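Coordinates in review
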Amino acid sequence: MSTSPALEEIGQRYVPVLPDVEGTLAAGFWEGADEGELRLPRCTDCGRFHWYPLHRCPHCQSPRWEWTAVAGRARIFTWTVLRRPLHKAFQDRVGEIVAILELDDASGVRIVANVFGADDLEVGMPVEVAFAPTPDGRAVPIFVPTSGS
Amino acid sequence: MTTQLRDVAAFVGIGETPAVRKADKPLKALVLDAITAALDDAGLTPADVDGLVTEGALMPSAMPHDEVAATLGISQYFSGMSSYWGSGIASAHLVGAQAIACGQADVVVSYFGVDWGSTAGAAYTSIGEENSPKVVYEKPFGYFGQPYFFGAIANRYRSTYGVDLERAFGSLAINQRENALRSGTAQMDRSMTYGQYLESPYVAEPLRIPDCCLLTDGAAAAVLVRSDRAKDLPKPPVYLKGASLATMPLSMDNYFTQNPDYLTWPTARPAVEQALAMAGRELDDLDFAELYDCFTMTLLMQIEDIGWCSKGEAAAFVEDGKRVALDGDIPINTHGGLLSHSYLLGATHVTEAIRQLRGDAGDVQVADAELGLVGLLAGPHYGALVLGRDEG
Ligand SMILES: [Zn+2]
């Protein structure tokens, strides 16, 4: 396994692309990250997760859902590698693994995240969340191979 | 009920601006050039036009119907749109044919134009407004820009089916490169060997530069008329035999990550089946297909999903490129497609299909082409047109 860069170094990379979501439907995900939790919308009527957040649960059309913390253990569903930056914000991020992940305890949804410290990626590889702090006091969820795997 | 539109309308004119990365005039001027060329080709004038149809997500701001009408002097007209992007370019013709069938119009112009060749980053920054899910949950992680969506699909596809994707991608890219050079009208002017394909840099692994579409400034237009009017006009009519738009309950925002059937384009087959049913024809009747090829991976999936081979078998199907070549079982993207001709999101797939069925496609003509498919997609949406040379 290759060594992952320090979380502080990783966190710095996200500064140009971190969204300002205060007061929007999207806020819960990033507020959770700032508090060290991975949170996704879960319907309080049917109990199912959905992603991305909508004004109603797409499974039962209930308007009642809450940002709900998940454990942050996931499996790699698929991935690509950033090779040619299509946006200036990614010029210093060439070589990063851009993954789509399935969370162990939020079935039916997939999230996008970067995976660090993994060689020889394969579908199904277990990963777990870590939070990379940014210089301005925010945090970004990233994933690393599950300890001991 | 699905047979009511067959042969109701026919294409009688097409117009295209030159396929170039950067045009010497603004997008609106390009659109007007394409419309004027299509009307000239049809032997008609703006005074004959009583309907305008377009894709419904980009065109309303890029070149609205009323500005076309105001500029060209089109007085009373039906105005219709269909969303989104590529799928809407195809299904706008369904709306046009419906208007003709209902007696709302007799001469309908469809158009599409784009200036993403000269607008840096437009093709991918247009996928997400500020605070849209793509900007908030995807962009921070570098999953931003369509090559990344399809690179991720390709890696899971390869993992699932264990096939030689490089060979398949290379064969598709080279086939279309050769068609583009033969067409004489393509933006791309360099040939490519498989060795050169393998040496080309990655954009989003495993997609390389030749796996990705071009970027283009340009416009295309077509004229669709009530079929009985077509017979008096100069060009051989090409009949609209079937048209459909298939969708599913996912949005442009979440389709690429949440599609439950991740390795298929779930709407491709229902759209094509419905259009063929309307035409009263079978998949095997098609002489060629012009399919949305924003990436080689996109095309590979459609070859399976539309039904030319089973799931996981498209890499073998296209391995030596012969089945999809101009003289193959099912010639695909005869003008070079989005990969090598130009990236008008499929507008020139429509005009190329019309040219093929007129027998007017020059060095890329498919021999005795009688029936063709246009299949264009955008996220969860798929628009299909079946066009035919003969009435009945
Ligand atoms: Zn619910």
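Above this text is the structure in question.
Throughout what follows, the structure given in this document is the object of discussion. From a predicted model like this one, the values you see are computed outputs, not experimental measurements. (Residues numbered from 1 in each chain as written. Chains lettered and ligands numbered in written order. Predicted model: local features only at pLDDT ≥ 70, side-chain atom pairs only at ≥ 80, totals over all residues. Heavy atoms only, no water.)

**Considering the overall build of chain A**
Looking only at helices and strands, chain A features 2 helices and 7 strands. For chain A, the succession of helices and strands along the chain, N to C, is α-α-β-β-β-β-β-β-β. Taken along its principal axes, the extent of the C-alpha atoms in chain A is 45 × 35 × 30 Å. Split into buried and exposed, the 149 residues of chain A put 52% on the buried side. A sequence separation of at least 24 residues applies to 54% of the contacts in chain A between residues at least 6 apart. (Helix = DSSP H or I, 4+ residues; strand = E, 2+ residues; numbered from the N terminus. Buried < 20%, exposed > 50% of the residue type's maximum accessible area, 1.4 Å probe, protein only. Contact = heavy atoms within 4.5 Å.)

**Some points on helix 3 (residues 65-72) of chain B**
Residue and element names in this part refer to chain B. If you check which residues of helix 3 are buried, you get His65, Val68 and Ala69. Taken end-on, helix 3 shows its buried residues confined to a sector of 95 degrees, consistent with a single buried face. Of the surrounding secondary structure, the elements contacted by the buried residues of helix 3 are helix 1 (27-42), strand 2 (51-55), strand 3 (78-82) and strand 4 (107-115). Directly after helix 3, the chain includes glycine 73, whose backbone phi takes a positive value near 80 degrees. (Arc of directions from axis to C-beta.)

**Considerations on the coordination of the zinc ion**
Residues and elements named next belong to chain A. Coordination sphere of the zinc ion, protein contribution only: Cys43 (SG), Cys46 (SG), Cys57 (SG) and Cys60 (SG), at 2.3 to 2.4 Å. All donors of the zinc ion come from a single chain, and their spacing in sequence reads C-x2-C-x10-C-x2-C. Taking the relative accessible area as the measure of exposure, cysteine 57 reaches 1% and is therefore buried. On the accessibility criterion, cysteine 60 (32% relative accessible area) is partly exposed. (Donors = N, O, S within 2.8 Å, 3.2 Å for Na, K, Ca; no water.)

**With respect to the pattern of salt bridges**
Throughout the structure, instances matching the rule amount to 27 salt bridges over all chains. Note that arginine 281 of chain B and aspartate 285 of chain B form a salt bridge whose closest N and O atoms lie 3.2 Å from each other. Residue aspartate 285 of chain B is classed as partly exposed on the basis of its relative accessible area of 28%. Here lysine 311 of chain B makes a salt bridge to glutamate 304 of chain B, at a shortest N to O gap of 2.7 Å. Members of the salt-bridge network, linked through shared partners, are Glu9, Arg13, Arg93 and Glu96 of chain A. (Salt bridge = Lys/Arg side-chain N within 4 Å of Asp/Glu carboxyl O.)

**Thoughts on the packing of helix 12 (residues 268-279) of chain B against helix 13 (residues 296-306) of chain B**
The description of two packed helices rests on the angle between their axes and on the distance between the axes. Residues and elements named next belong to chain B. Look at helix 12 against helix 13: their axes get within 8 Å of each other, and the N-to-C directions meet at 55 degrees. Taken together, the axes of helix 12 and helix 13 are oblique relative to one another. As helix 12 packs across helix 13, the resulting crossing turns out to be right-handed. Judged by residue contacts, Ala268, Arg269 and Val272 of helix 12 engage Glu304, Asp305 and Ile306 from helix 13. Its residues placed into classes, the contact of helix 12 with helix 13 shows 3 nonpolar, no polar and 3 charged. (Axes fitted to C-alpha atoms, helices over the stretch in contact; angles between N-to-C directions. Parallel < 35°, antiparallel > 145°, perpendicular 65-115°, else oblique. Left-handed = near helix turned anticlockwise from the far one by under 90°. Nonpolar A, V, L, I, M, F, W, Y, C, P; charged D, E, K, R; others polar.)

**A look at the layout of surface pockets**
In this model, the second largest pocket occupies a volume close to 460 Å³. Lining the second largest pocket are 22 residues, with Pro58, His59 and Gly108 of chain A together with Leu250 and Gln258 of chain B positioned closest to its centre. (1 Å grid on protein atoms, 1.4 Å probe; cavity = no way out; pocket = protein on both sides within 12 Å on 5 of 7 lines; lining within 4 Å. Points joined across faces, edges and corners; volume = space filled by probe spheres on them.)

**Side note on the interface of chain A and chain B**
The interface of chain A with chain B comprises 38 residues on the first partner and 34 residues on the second. Counting the surface lost from both chain A and chain B, the interface buries some 3200 Å², and carbon and sulfur atoms represent 62% of this. On the chain A side of the contact with chain B, Tyr52, Leu86 and Arg110 of chain A bury the most area, a combined 23% of that side's loss. At the junction of chain A and chain B, the tally comes to 1 salt bridge. There are 20 residue pairs in polar contact (both at pLDDT 80 or more) connecting chain A and chain B. Breaking the side of chain A that touches chain B down by element, the ones donating at least two residues are helix 2 (27-34), strand 3 (73-81), strand 4 (97-103), strand 5 (110-115) and strand 7 (139-145) of chain A. In the side of chain A that touches chain B, the residues fall into 27 nonpolar, 6 polar and 5 charged. (Buried area = accessible area lost by both parts, 1.4 Å probe. Polar contact = N/O pair within 3.5 Å; in protein donor to acceptor, adjacent residues only side chain to side chain.)

**Digging into the packing of helix 7 (residues 146-161) of chain B against helix 13 of chain B**
All names here are of chain B. Between helix 7 and helix 13, the shortest axis-to-axis distance is 9 Å and the interhelical angle comes to 55 degrees. Relative to helix 13, helix 7 is oriented oblique. Of the residues in helix 13, those touching helix 7 at Phe150, Ile153, Ala154 and Tyr157 are Met297, Thr298, Leu300, Met301 and Glu304. Its residues assigned to classes, the contact of helix 7 with helix 13 comprises 7 nonpolar, 1 polar and 1 charged.

**Description of unusual backbone geometry**
It is generally the case that most residues other than glycine have a negative phi and that most peptide bonds are trans. All names here are of chain B. Across the junction of serine 83 and tyrosine 84, the peptide omega takes the value -5 degrees, indicating a cis bond. By the element assignment, tyrosine 84 lies in the loop between strand 3 and helix 4 (85-101). A cis amide bond, omega 0 degrees, links glutamate 205 with the succeeding residue proline 206. Mapped onto the secondary structure, proline 206 falls in the loop between strand 5 (202-204) and strand 6 (207-208). Within the chain, aspartate 7 stands out as a residue other than glycine whose phi angle is a positive 65 degrees. Note that aspartate 7 resides in the segment before strand 1 (9-16). A positive phi angle is found at asparagine 333, which is not glycine, with a value near 55 degrees. One can find asparagine 333 in the loop between helix 14 (314-317) and helix 15 (337-341).

**Observations regarding the sheet that holds strand 4 of chain B**
Sheet strands pair via backbone hydrogen bonds, and the direction of the pair is either parallel or antiparallel. Residues and elements named next belong to chain B. Pairing within the open sheet is mixed, and its 9 strands lie in the order 3-2-4-7-1-8-11-10-9. Each edge of the sheet is formed by a strand with only one pairing partner; in this case those strands are strand 3 and strand 9 (288-291). Taken over all neighbouring pairs, the strand axes of this sheet differ in orientation by 25 degrees on average, direction set aside. Bridge count between strand 8 (residues 238-246) and strand 11 (residues 381-388): 7 bridges; the pairing is antiparallel. Counterpart to leucine 240 in the pairing with strand 11 is leucine 387. (Pairing = 2+ DSSP bridges.)

**Digging into a negative patch on the surface**
Side chains of Asp20, Glu22, Glu31, Asp34 and Asp136 of chain A sit close together on the surface and give a patch of like negative charge. The residue aspartate 20 of chain A is located in the loop between helix 1 (7-13) and helix 2 in this model. (Patch = residues over 30% accessible without salt bridge, like charges linked within 9 Å, V, L, I, M, F, W, Y side chains within 5 Å. Areas by Shrake-Rupley, 256 points an atom, 1.4 Å probe, with all protein chains shown as cover. Lys, Arg positive; Asp, Glu negative; His and termini not counted. Charge placed at Lys NZ, Arg CZ, Asp CG, Glu CD.)

**With respect to the side chain of arginine 208 of chain B**
Inspection of the secondary structure puts arginine 208 of chain B in strand 6. When neighbours within four sequence positions are excluded, arginine 208 of chain B is seen to be in contact with Glu166, Tyr197, Leu198, Ser200, Pro201, Tyr202 and Val203 of chain B.

**With respect to the pairing of strand 2 of chain B**
Residue and element names in this part refer to chain B. In terms of burial, strand 2 is largely enclosed, as 5 of its 5 residues are buried. Bridge count for strand 2 against strand 3 is 5 bridges, and the pairing is parallel. Looking at strand 3, one finds that threonine 54 is bridged to methionine 81. Summarising the sheet, strand 2 and strand 4 pair through 3 bridges and their orientation is parallel. From the neighbouring strand, leucine 52 faces strand 4, where its bridge partner is valine 109.

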